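Topology and contacts: notes
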Amino acid sequence: MKKFLPLFIVSLILCFCMGGFSGSANNSYVFSEVGAQSDDVSMTYEDGKLTIEGLDEAANLMQASFTGKVLTGVKLLEAKNGTTEVTANIGDKFFLWSATNAMRPLSAAVTVRPAEQPEPSNNILVAYFSRTGENYSVGTITTGNTAIVAQMIAEQTGGDLFEIKPVTPYPSDYQEMLAVAEKEAAENARPEIADTVPNMQDYDVVFIGYPIWNGDMPKIVYHFLESYDFSGKTVAPFNTH
Ligand SMILES: Cc1cc2nc3c(=O)[nH]c(=O)nc-3n(C[C@H](O)[C@H](O)[C@H](O)COP(=O)(O)O)c2cc1C
């Protein structure tokens, strides 16, 4: 168990963060749709107590406490077969994980909220830059690596996809591409972007994906970042390399 702890915590934070983006209100808690879950397990919250029913195998129960958006502690608890009750506070997030298989989540994240609190908004944008053509070590590709990851994130979060496309297409030849990227880096260029996000103000969460070019973000992604006001938004960068 201990050797999986870092993996647990990283996965947990990701799941918890994603769990906060969507869900349906049900009395005093929100049960998110994100993550694998067993139909047999139910988690309900009432008067300071979280009750887990229907577990047919021992599981690790993760409890994450937050002060505002800041994660202030993660506890690992053992959930018993059958019914388990644990003390819970408003704002706490819970997640069940198989005690025997660190890779197997048994539930999506549950966030304990006051019943009267509105559902969190689900305004998520997944913006990405990705290139097709000759790719490092794998030959020619018709869908870029970052585009594939962006599609996965959009599917899991229900976010809208936006492709950061250059007005002047990049070369598909790898060596030519390297030369263009080096020139852009040397000139600190801001390549023109073909489209704009018309309703950026409507998004609360913006994922931004890009490939690593010479140890850095492509200059077109700098241009994208400089083109909008991200104040008050949660920005989640991701990259492939
Ligand atoms: C111009 C250029 C520079 C690159 N520089 C790096 C690099 O510094 N480090 C690295 O790990 N990969 C580097 N790569 C490989 C890409 O980061 C990797 O293939 C990435 O997944 C491409 O994403 P895409 O298919 O979405 O465009 C570079 C690729 C290109 C085209």
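Above this text is the structure in question.
What comes next is a walk through the structure. (Residues numbered from 1 in each chain as written. Predicted model: local features only at pLDDT ≥ 70, side-chain atom pairs only at ≥ 80, totals over all residues. Heavy atoms only, no water.)

Concerning the overall build of the protein chain
For clarity, the threshold we go by: Runs of E in the DSSP output that reach at least two residues are strands. Runs of H or I that reach at least four are helices, and both are numbered from the N terminus. Contact between two residues is taken to exist if any of their heavy atoms lie within 4.5 Å; hydrogens are not considered. Computed by Shrake-Rupley with a 1.4 Å probe, the accessible areas treat only the displayed protein chains as cover when residues are assessed.
Helix and strand counts for the protein chain come out as four helices and 15 strands. A sequence separation of at least 24 residues applies to 69% of the contacts in the protein chain between residues at least 6 apart. About 13,000 Å² of surface is accessible on the protein chain, with carbon and sulfur atoms providing 51% of the total.

Overview of the sheet that holds strand β14 (residues 205-211)
What counts, and what does not: Strand pairing is defined by DSSP finding a minimum of two bridges between the two strands. Comment: axis = line fitted to C-alpha atoms, over the contacting stretch for helices; angle = value between 0 and 180 degrees taken between N-to-C directions.
If you walk across this open sheet you meet the four strands as β13-β10-β14-β15, and the pairing is parallel. The open sheet terminates on both sides in strands that have one partner only, identified here as β13 (160-163) and β15 (234-240). The sheet shows a mean angle of 20° between the axes of neighbouring strands, direction not considered. Helix α2 (residues 145-157) rests against β10 (124-128), β13, β14 and β15 of the sheet, and its axis sits at about 175° to β10.

A closer look at the layout of surface pockets
Once rolled over the atoms, a probe with the size of a water molecule shows which space is left empty. Where we set the bar: A 1.4 Å probe that fits but cannot get out identifies a cavity on a 1 Å grid over protein atoms alone, an open set with protein on both sides within 12 Å along at least five of seven lines counts as a pocket, and a residue lines either if it has an atom within 4 Å of a point. Grid points are joined across faces, edges and corners, and a volume is the space filled by probe spheres set on the points. Polarity classes work like this: nonpolar for Ala, Val, Leu, Ile, Met, Phe, Trp, Tyr, Cys and Pro, charged for Asp, Glu, Lys and Arg, and polar for all others, with Gly in that last group.
Counted as a void, the second largest pocket has a volume near 440 Å³. Lining the second largest pocket are 18 residues, and of these Tyr136, Tyr174, Pro211, Ile212 and Trp213 lie nearest its centre. Looking at the lining of the second largest pocket, the elements that each hand over two or more residues are β11 (133-135), α2 and α3 (174-187). Ranked by residues supplied to the lining of the second largest pocket, first place goes to α3 with four residues. For the lining of the second largest pocket, the per-class residue count stands at eight nonpolar, eight polar and two charged.

Read these as spatial facts, not as claims about activity.
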